[in-house]
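What follows is the residue order along each chain.
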Amino acid sequence: MNPIKHVAIIMDGNGRWGLKYKKSRNLGHRAGLNTIEKVIKNTIKKKIKFLTIYAFSTENWKRPKKEVNFLFNLLEEFLTKKTKDLIKQGIKLKIIGNKKKFSKKLIKILSNSENLTKNNKILQLNLALNYGSKNELINAMNLIIKKKKSINEKNIKKNLYTYDSPDPDLLIRTGDTKRLSNFLLWQLAYSEIFFIKKLWPDFNIKDYNKILLKFFKTKRNFGNI
Ligand code: IPE
Ligand code: IPE
Ligand code: MG
């Protein structure tokens, strides 16, 4: 077992890559899907048990409708075609985020893939969809109040979408931007953060392994010395 339990990723730069090489942001999103598949495979190879990928934020609804529709169609196509593959690879898919805004059809596809993969043990893939950390924390607080429990660290963790995942050991953000964009603000409190210049479709396994190696060379203090 790898001492790294959980890798979180903000895959950024698809749109810019698409415009640069294919004259279309959407084709960049399609290219980004290949990188996701490669990264999943390498995460399994390295025996890391949790991978969380930011695919659509609560703020991404501001984008043109054409792009939003393309993204959700791509997701539907991916899950319809690849759920069998997820099962074969031992991947448990879990959606984190608020599903309420999705079409009935998408909710059904998501629940179906989650159900079919729920007993898999090799890797838990948390896919963040309509995910926002502030929304997640507000939701957790409301759940705690509803259950008449007290607000403490244990109860907050228990009521986050990520209640069944350890906090990420490291976060990778591609796309040459140094910000968190409302991603896992609570869970990343002590994660090592790697900001990578490359756009997501150009990110490769060599880049990924270099980051893992650098992580191992980092002394984590957690406030201690
Ligand atoms: C990240 O790539 C993927 C999603 C937000 C869905 P972007 O689409 O943000 O790509 P850039 O940052 O505009 O290049
Ligand atoms: C973050 O990327 C969201 C996802 C990768 C899904 P964005 O491209 O939306 O982030 P900002 O808006 O540039 O901060
Ligand atoms: Mg972006």
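Residues numbered from 1 in each chain as written. Chains lettered and ligands numbered in written order. Predicted model: local features only at pLDDT ≥ 70, side-chain atom pairs only at ≥ 80, totals over all residues. Heavy atoms only, no water.

Draft legend 1. Representation of the site of ligand 1 within the structure. Inspection of the region around ligand 1 gives Met11, Asp12, Gly13, Asn14, Gly15, Arg16, Arg25, His29, Ala55, Asn60, Arg63 and Leu71 as its neighbouring residues. One of the backbone nitrogen or oxygen atoms of Gly13 is found 3.4 Å away from an oxygen atom of ligand 1. At a separation of 2.7 Å, an oxygen atom of ligand 1 approaches a polar backbone atom of Arg16. Surface burial for ligand 1 is 89%, taken as the share of its 380 Å² of free accessible area covered by protein chains. Among the elements of the structure, helix H1 (14-22) and helix H2 (25-45) are those that each provide at least two residues to the shell around ligand 1. When residues in the shell around ligand 1 are grouped by element, the largest group, 3 residues, is from H1. Of the residues assigned to the shell around ligand 1, the class counts are 3 nonpolar, 5 polar and 4 charged. (Near = heavy atom within 4 Å. Polar contact = N/O pair within 3.5 Å; in protein donor to acceptor, adjacent residues only side chain to side chain. Areas by Shrake-Rupley, 256 points an atom, 1.4 Å probe, with all protein chains shown as cover. Helix = DSSP H or I, 4+ residues; strand = E, 2+ residues; numbered from the N terminus. Nonpolar A, V, L, I, M, F, W, Y, C, P; charged D, E, K, R; others polar.)

Draft legend 2. Local environment of helix H5 (residues 133-146). For H5, which comprises 14 residues, the first-to-last C-alpha distance of 20 Å matches the rise-based estimate of 20 Å (1.5 Å per residue) to within 8%. For H5, the full list of buried residues reads Ser133, Glu136, Leu137, Ala140 and Ile144. The arc that holds the buried residues of H5, viewed along the axis, is 95°, so those residues lie on one side. In H5, the exposed positions angled more than 90 degrees off the buried face are occupied by Lys134, Ile138, Ile145 and Lys146. Residues of H5 that are buried sit in contact with strand S4 (123-131) and helix H6 (153-158). Following H5 by one or two positions, Lys148 has its phi on the positive side, about 55°. (Expected span 1.5 Å × (residues − 1). Buried < 20%, exposed > 50% of the residue type's maximum accessible area, 1.4 Å probe, protein only. Arc of directions from axis to C-beta. Contact = heavy atoms within 4.5 Å.)

Draft legend 3. Fine view of H1. If you check which residues of H1 are buried, you get Asn14, Gly15, Trp17 and Gly18. Seen from one end, H1 has its buried residues packed into an arc of 160°, which puts them on one side. Buried-residue contacts for H1 involve H2. Lys23 sits one or two positions beyond H1 and adopts a positive phi of about 55°.

Draft legend 4. Just the pattern of salt bridges, in detail. Evaluated as defined, the whole model comprises 13 salt bridges. Of the charged contacts, one joins Asp12 and Arg16 as a salt bridge, the two residues approaching to 3.5 Å between their closest N and O atoms. Exposure remark for Asp12: the relative accessible area of 17% places this residue in the buried category. Between Glu76 and Lys105 there is a salt bridge, with the nearest N and O atoms lying 2.9 Å from each other. Linking Glu76 in helix H3 (residues 65-88) with Lys105 in helix H4 (residues 104-117), this pair joins segments that are 29 residues apart in sequence. With relative accessibility at 11%, the residue Glu76 sits in the buried group. On the basis of relative accessible area, Lys105 is assigned to the exposed category, the value being 54%. (Salt bridge = Lys/Arg side-chain N within 4 Å of Asp/Glu carboxyl O.)

Draft legend 5. Here's a closer look at the pairing of strand S1 (residues 6-10). Within S1, 5 of the 5 residues are buried, leaving the element largely enclosed by the surrounding structure. What you see with S1 is no split at all: His6, Ala8 and Ile10 on one side and Val7 and Ile9 on the other are buried throughout. With 4 bridges joining them, S1 and strand S5 (residues 170-173) adopt parallel strand pairing. Bridged to Val7 within S5 is Leu170. (Pairing = 2+ DSSP bridges.)

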